[in-house]
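Observations on the three-dimensional arrangement
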Amino acid sequence: MLFIIACKVTKPYKSPAVDTHYLYRDHQTIDTTSLATLHWNELFTDTLLQQLIGKGISNSPDLRIAFSRVQQAQASYQQNRRLIYPSVNANAGVTASGYSSTLNNAVKTTASPQFQGSFSTTWEADIWGKLTSSRRASRAAALAENDNAHAVQTALVANIASNYYDLLALDEQLSITERTVISRQATVEVMKELKKADVVTSAAVVQSEASRYAAEVTIPDIKRAIRETENQLNLLLGDPPGPVKRSVWSNQPVTAVLQTGVPAQLLANRPDVQAAEHTFRQYFELTNVARTYFYPTLSLTASGGYLTVHDLFSPGSWISSLATGLTQPVFNQGLNRARWETAHEQQDQALLGFEKTLLIAGQEVSDAMYAYQMATSKVSTRNNELTDLEKSVTYTQELVKYGFANYTEVLTAQQNLLSARLDQVADYLQGLQAVVQLYRSLGGGWQ
């Protein structure tokens, strides 16, 4: 009868029912092939980047802390597993007692030591499933910590790749700017020669010099950004600040085909979604535990020992006891009710947290996919712009030589060309970063 009643006290766990069909905006697919299933060294083919990611996984302080928490949660789970077994304690002691007497003005003290050894054991019957639910809650907490560690690794892989691409883009921007400074210095020399020939005025010479300085003054800021990005990358690797060995910008291909799989795969691939569900299960089981406090507790206590006087080998007595008790809560200032209501609200909060985490995952996948699409859509347009701007600079410089244009037109064309070249780097970086963020948002990087 108690067993039948016990089945009604605690409730079996079921995964939350969620609709994942429309998590990806404007992107519906039935193809289950997902970018997340790729190992990170399959997606990031740059060997130097692979070395950095491998080192980060081995040395990152954040990741080591995360896996230390996993071990802590596992230890707690192992302890909870043993709650169904009785606890046993042993005790040994010596008690010295005595009395004093006076005879013929002399004090005589008589001591009588007692030696005692005993053990005791206590066991609580898991009638209502309290201990079982507690064990399940502890296991869910351990699994959540393991998922959190995987989420840290996913973020670490993405952050290392993201900073690496930032660094290469800055290198390329620095190279473009330095070449521009050299080119504009050559223009200054041309303007000086044209001034001697009375083709241009002194204003054209100083304007060309100012244009050169305008490009050169941006170089210190780019170098500062490079240094800061190197330091940030070293922090992710668990290293002190220093230079980072890296490849070149032109060797970084953008993945041509990005596959997201179906939205339901986020439940299995993305670690923070898994952690959120395990957290929900933890509070679900804790609600079961809180529910069992309304029912009586059956406990069994036994103890036994040996008592002897004078010395350990003297005849003594065995002492033992066995007691069982059934404790039913009657009135405890609403403690059980408050415990259950608190646990139930925490369960509801965990469910809402799980649903929100899933929505965030869908948003991030949608944003990354659209960012990639927009980056690739700008490629041909940007190439056409650069072609025309290069021609514009060439044409205006020739026109100035023959007095058919003023130098303001050359300055404008040169500045537009520099901006377009830097924007082209930013466009390509956007595509690379979109791949990184999509990989992370789909749950890749921890397998």
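If you're wondering where the values come from, they're calculated on a predicted model, not measured in any experiment.

With respect to the nonpolar core
Phe 44, Leu 49, Ile 160, Tyr 165, Leu 266, Leu 438 and Leu 442 are the most contacted members of the largest nonpolar core, which totals 56 residues. It is helix H5 (residues 130–196) that contributes the most residues to this core, 14 residues altogether. Once residues within four sequence positions are removed from consideration, Phe 44 is found in contact with Leu 49, Gln 50, Ile 53, Val 157, Ala 161, Tyr 165, Val 436 and Tyr 439. With ten residues, the next largest nonpolar core counts Leu 194, Val 400, Ala 405 and Val 410 among its residues.

Side note on helix H6 (residues 202–216)
Given 3.6 residues per helical turn, the α-helix brings residues three or four places apart onto the same face. End to end, H6 covers 21 Å across 15 residues, agreeing with the expected 21 Å (1.5 Å per residue, within 8%). Buried residues belonging to H6 abut H5, helix H7 (219–237) and helix H12 (407–441).

Details of the pattern of salt bridges
Counting across every chain of the model gives 15 salt bridges. When the shortest N-O distance is used, the salt bridge between Asp 239 and Lys 55 registers 2.4 Å. A residue pair is termed long-range when its members are at least 10 positions apart, and Asp 239 in the loop between H7 and helix H8 (266–269) and Lys 55 in helix H3 (residues 47–59) qualify at 184 residues. Classification of Asp 239 by relative accessible area gives partly exposed; the value is 23%. A residue is classified by how much of its surface remains accessible, and Lys 55, at 34% relative accessible area, is partly exposed. Across the pair Arg 246 and Asp 171 runs a salt bridge, and its minimum N-O distance is 2.5 Å.

Considering the packing of aromatic side chains
Taken as a whole and judged by the stated rule, the model has seven aromatic pairs. Both rings, one in Tyr 13 and one in Phe 284, keep their centres 5.4 Å apart while their planes meet at 75°; by these two values the pair is edge-to-face. With a gap of 271 residues between them, Tyr 13 in the loop between helix H1 (2–9) and helix H2 (40–43) and Phe 284 in helix H9 (residues 271–292) connect regions that are remote in the sequence. There is no split in this pair, since Tyr 13 and Phe 284 are both buried. With a centroid separation of 5.1 Å and an interplanar angle of 35°, the aromatic rings of Trp 128 and Tyr 295 are classed as tilted.

A look at helix H4 (residues 61–81)
Here H4 contains 21 residues, and its C-alpha end-to-end distance of 30 Å stays within 8% of the 30 Å for a straight helix at 1.5 Å per residue. The complete set of buried residues in H4 reads Leu 63, Ala 66, Val 70, Ala 73, Tyr 77 and Asn 80. With its buried residues spanning 90° around the axis, H4 presents them on a single face. The exposed residues of H4 that point more than 90 degrees off its buried face are Arg 64, Gln 71 and Gln 72.

Focus: the environment of Gly 261
Relative to the elements of secondary structure, Gly 261 occurs in the loop between H7 and H8. When the C-alpha positions of Gly 261 and Leu 442 are compared, they lie 8.8 Å apart, and in sequence the two are 181 residues distant.

Remarks on a nonpolar patch on the surface
A cluster of nonpolar residues, Leu 399, Tyr 402 and Phe 404, forms a patch on the protein surface that exposes about 390 Å² of accessible area. Along the chain, Leu 399 falls in helix H11 (residues 379–401).

Brief notes about the packing of H5 against H11
H11 packs onto H5 with a crossing angle of 20° between their chain directions and a minimal axis gap of 11 Å. Classified by the angle between their axes, H5 and H11 sit roughly parallel to one another. Seen from above, H5 lies across H11 with left-handed handedness. Facing H5, whose interface residues are Thr 187, Val 190, Met 191 and Leu 194, H11 presents Gln 397, Val 400 and Lys 401. Of the residues in the contact of H5 with H11, the class split is four nonpolar, two polar and one charged.

Quick word on the confidence of the model for the chain
Of all residues in the chain, 85% have pLDDT values of 70 or greater, and the mean over the chain is 83. Ranking the helices and strands of the chain by mean pLDDT puts H7 first, with 95, and H1 last, with 58.

Here's the deal with the environment of Arg 212
Along the chain, Arg 212 falls in helix H6. The exposure class assigned to Arg 212 is buried, which follows from its relative accessible area of 17%. In this structure, the C-alpha to C-alpha distance between Arg 212 and Val 188, residues 24 residues apart in sequence, is 8.0 Å. In this view, Arg 212 contacts Val 181, Arg 184 and Gln 185; residues no more than four positions away in its chain are not counted. Among the polar contacts made by the side chain of Arg 212, one reaches the side chain of Gln 185 at a distance of 2.6 Å.

Section: the packing of H6 against H12
The contact between H6 and H12 brings their axes to 10 Å, and the two run at 10°. One finds that H6 runs roughly parallel with respect to H12. H12 is crossed by H6, and the crossing has right-handed handedness. Residues Ala 204, Gln 207, Ser 208, Ser 211 and Ala 215 of H6 pack against Tyr 407, Thr 408, Leu 411, Gln 414 and Leu 418 of H12. Classifying every residue of the contact of H6 with H12 gives five nonpolar, five polar and no charged.

Here is what the cut-offs are and how they apply
- Residues numbered from 1 in each chain as written.
- Predicted model: local features only at pLDDT ≥ 70, side-chain atom pairs only at ≥ 80, totals over all residues.
- Heavy atoms only, no water.
- Core = buried A, V, L, I, M, F, W, Y, C linked by side-chain atoms within 4.5 Å.
- Buried < 20%, exposed > 50% of the residue type's maximum accessible area, 1.4 Å probe, protein only.
- Helix = DSSP H or I, 4+ residues; strand = E, 2+ residues; numbered from the N terminus.
- Contact = heavy atoms within 4.5 Å.
- Expected span 1.5 Å × (residues − 1).
- Salt bridge = Lys/Arg side-chain N within 4 Å of Asp/Glu carboxyl O.
- Phe/Tyr/Trp six-rings, centres within 6.5 Å; stacked < 30°, edge-to-face > 60°.
- Arc of directions from axis to C-beta.
- Patch = residues over 30% accessible without salt bridge, like charges linked within 9 Å, V, L, I, M, F, W, Y side chains within 5 Å.
- Areas by Shrake-Rupley, 256 points an atom, 1.4 Å probe, with all protein chains shown as cover.
- Axes fitted to C-alpha atoms, helices over the stretch in contact; angles between N-to-C directions.
- Parallel < 35°, antiparallel > 145°, perpendicular 65-115°, else oblique.
- Left-handed = near helix turned anticlockwise from the far one by under 90°.
- Nonpolar A, V, L, I, M, F, W, Y, C, P; charged D, E, K, R; others polar.
- pLDDT = per-residue confidence, 0-100.
- Polar contact = N/O pair within 3.5 Å; in protein donor to acceptor, adjacent residues only side chain to side chain.

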